[in-house]
Amino acid sequence: RLLAAGTDYYINVTPGAFQDNAGNPYSGISDPTGLNFTTADPGAPQLLSSTPADDAVGLAIDTNLVFVFDEPVYPVAGDVTIHRSDDGTVVEAIPVTSSQVTGSGTTTITVNPTANLKSDTGYYINIASTALEDTAGKTYAGIANTTTLNFETTDDVGPVVVSTSPVDDATGVTFETKNIVLTFD
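What counts, and at which threshold
Residues numbered from 1 in each chain as written. Predicted model: local features only at pLDDT ≥ 70, side-chain atom pairs only at ≥ 80, totals over all residues. Heavy atoms only, no water. Patch = residues over 30% accessible without salt bridge, like charges linked within 9 Å, V, L, I, M, F, W, Y side chains within 5 Å. Areas by Shrake-Rupley, 256 points an atom, 1.4 Å probe, with all protein chains shown as cover. Salt bridge = Lys/Arg side-chain N within 4 Å of Asp/Glu carboxyl O. Helix = DSSP H or I, 4+ residues; strand = E, 2+ residues; numbered from the N terminus. Buried < 20%, exposed > 50% of the residue type's maximum accessible area, 1.4 Å probe, protein only. Polar contact = N/O pair within 3.5 Å; in protein donor to acceptor, adjacent residues only side chain to side chain. Contact = heavy atoms within 4.5 Å.

> Would you explain a nonpolar patch on the surface in this entry?
There is a patch of nonpolar side chains on the surface, built from Leu 3, Ile 11, Leu 35 and Phe 37 and spanning about 320 Å² of accessible area. Take Ile 11: it is sitting in the loop between β1 (8–10) and β2 (36–38). Ile 11 sits in the partly exposed class, given a relative accessible area of 34%.

Spelled out as structure tokens, the structure:
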């Protein structure tokens, strides 16, 4: 287990816990000021990587959003919001305190959207600047633009026939008809 950032610690050592080559016992440390220190606070949490990665293409429509930070983070308040890239429409705003967000107290936060994303569609992600914080209470800056984390889903829908010639259920089609035409979307 890692020590918490920006925290004061001291060490006690039981008398006699160590001895030198001659068998002389170490007198120990029992005073909180005898060996104390403060861990460094690395500052606010930083996003190291994500799935999807920025500018990713061909993403599966059922992919969860995964965010990896440089230190453990905890959900506080706010949303992870999925937007359509073409018009900014909010697809889903997921509260970080909901059961759709897991990984509290770790470096990896996973967000499971309620429904699959649409095929062959561009998206971008925003994260509220109040959404996540570290053990020292410093908040992740968040994402509030259209370009920091944007991606496109794969085209997983096959073509659809939109018209035929002859038309479906046609009668009286002559056997001399040389071409059957299928028009796809």
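Continuing now.
> Quick question: what am I supposed to make of the side chain of Asn 126 here?
Its location among the elements puts Asn 126 in strand β10 (residues 122–127). With relative accessibility at 15%, the residue Asn 126 sits in the buried group. For Asn 126, the side chain forms a polar contact with the main-chain oxygen of Ile 143, separated by 3.4 Å. Setting aside chain neighbours within four positions, we find Asn 126 in contact with Asp 79, Val 80, Thr 81, His 83, Ile 143, Ala 144 and Asn 145.

> Please clarify how the environment of Val 161 should be interpreted in this entry.
When you line up the elements, Val 161 lands in strand β13 (residues 161–165). Considering only alpha carbons, one finds Val 161 and Phe 184, 23 residues apart in sequence, at a separation of 4.3 Å. Residues in contact with Val 161, not counting those within four places in the same chain, are Thr 183 and Phe 184.

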